Amino acid sequence: MVRSWAAIVPAFVVIFVVAACGGGATPTPAGSAPASEAPEPSAPAVAEKCDGQELSFQLSFIPNVQHAGFLVAANRGFYEDEGLQVDMVPAGPNVDPVSAVGDGTASLGQVDYGQLLRARAAGVPIVSIAQTYKDTFLNWYASADSGIETMADWEGKRVGRTQVGDDPEIIAMLASAGLTLDDITTIQQDFGIDEFVAGEVDLATGVVFFHPAAFNGQTDMSWPDDFNIFIPEEQGANIASQTVATTEEMIAEDPAALRCFLRASIRGWQAVFEDTEAAVDDVMEFIPEGAIPREHQSPAMLDVLPIIGDDPDDDLLRIDPAQYAETIAILEEVEFIDPGLNIEDTYDTSIYDTMGEIAP
């Protein structure tokens, strides 16, 4: 299923090439052991550089602050420092990041873990090698005076959806109140706030890197004070969010390139924590003219960082196996995926664990 946003801008491709990875330890087979059983990360004093390998990174949407660490790494030459050439490839309404990574169109990509699970169940050899967000970026919101205060209050309501395909978070949240999709009316909404402001939906989908800043900057409503906000992990749906995914083949063929990519990407996210306004400047280099104004991206950046980590010294991008296991259990229970999926097939910590020191 496609997890892309309903139309906000036309689909397009922006290719950003950063010039300048080889050799390295043989990786553990994909998913061979959860991180909790993996050896301590190997951190050599000088990490191996790459040797000009070309990678493409499929973004999960048009470039914006949700991808800040990767965009900063590209714009400041961090991938080049590692000896990589990396293309940042935007997604859009008609782009499925899971398919792009799974079929090898992109070397890596930022994809939802729930959709990765469905792809694995269908035989696609896609694997998570890093976890971008520690918490979900999604929420659902209603006006504070709407009377919609609990999940039980969703019954009979019009619920806006920005996704194309099933929303595992909605399904799991409804299940926590004994409800199903049949108990609500789903309405496809644009990515913005127009349908909600016009009263066409009772609840709308929000994301931390867009909607709070949109309401606070474009309306007389104040986020979060004027809203009742439903966050999945607070409603029985602690579902792992977006990951950095690649294929088993890529892990086997060029683990060194993946290590170089992760080192540079983490360095990029560290730089975001250290100077958010400078990072916004980097992000704006990738956003199509007129698509998202800087006045929106600057406050939105502050909403992104808490789901990335606590500070630049946090274990940025490290996989949380316990959250992955909980996600599979929840999605099996609500029949989003069939039972029996082996969690150890869905992620591989060997690249992260052997990538070595991050450049200062």
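The shown structure was predicted, so the numbers you read here are calculated from the model rather than taken from an experiment.

Any chance you could break down the packing of aromatic side chains for me, citing the residues and the numbers?
Using the criterion set out here, one finds 19 aromatic pairs in the structure. The interplanar angle of 65° and the centroid separation of 4.8 Å between the aromatic rings of Tyr141 and Phe196 together place this pair among those described as edge-to-face. Of the two residues, Tyr141 sits in strand S6 (residues 138-143) while Phe196 sits in helix H6 (residues 194-197), which places them 55 residues apart along the sequence. Note on accessibility: Tyr141 and Phe196 belong to one class, buried.

Pulling in residues and values, what's your account of helix H9 (residues 255-274)?
Across its 20 residues, H9 extends 29 Å between first and last C-alpha, which sits within 8% of the 28 Å expected from 1.5 Å per residue. In terms of residue burial, H9 counts as a mostly covered element, since 19 of its 20 residues are buried.

Which residues make up the sheet that holds strand S9 (residues 204-207), and what are the values?
Across a sheet, paired strands are connected by hydrogen bonds in the backbone, their directions being either parallel or antiparallel. The strand order across the open sheet built from three strands is S9-S6-S10, with neighbouring strands paired in antiparallel fashion. Every interior strand has two partners, whereas the edge strands, S9 and strand S10 (227-230), have only one. Pairwise comparison of adjacent strand axes, ignoring direction, gives a mean angle of 40° for this sheet. Summarising the sheet, S6 and S9 pair through four bridges and their orientation is antiparallel. Bridge assignment links Tyr141 to a residue of S9, and that residue is Ala204. Lying on the sheet, helix H7 (residues 211-218) is in contact with S6, S9 and S10; it crosses S9 at an angle near 100°.

So what's going on with the state of the cysteines? Which residues, and what values?
Counting across every chain of the model gives one disulfide. Across the disulfide from Cys50 sits Cys260; the S-S distance is 2.2 Å. Note on the Cys50 and Cys260 pair: the S-S dihedral is about 105°, so by sign convention the disulfide is right-handed. Placement of Cys50 in the loop between strand S1 (17-18) and strand S2 (53-58) and of Cys260 in helix H9 is noted, with a sequence separation of 210 residues between them. With respect to burial, Cys50 and Cys260 carry one shared label: buried.

What counts as what
- Residues numbered from 1 in each chain as written.
- Predicted model: local features only at pLDDT ≥ 70, side-chain atom pairs only at ≥ 80, totals over all residues.
- Heavy atoms only, no water.
- Phe/Tyr/Trp six-rings, centres within 6.5 Å; stacked < 30°, edge-to-face > 60°.
- Helix = DSSP H or I, 4+ residues; strand = E, 2+ residues; numbered from the N terminus.
- Buried < 20%, exposed > 50% of the residue type's maximum accessible area, 1.4 Å probe, protein only.
- Expected span 1.5 Å × (residues − 1).
- Pairing = 2+ DSSP bridges.
- Axes fitted to C-alpha atoms, helices over the stretch in contact; angles between N-to-C directions.
- Contact = heavy atoms within 4.5 Å.
- Disulfide = S-S within 2.5 Å.

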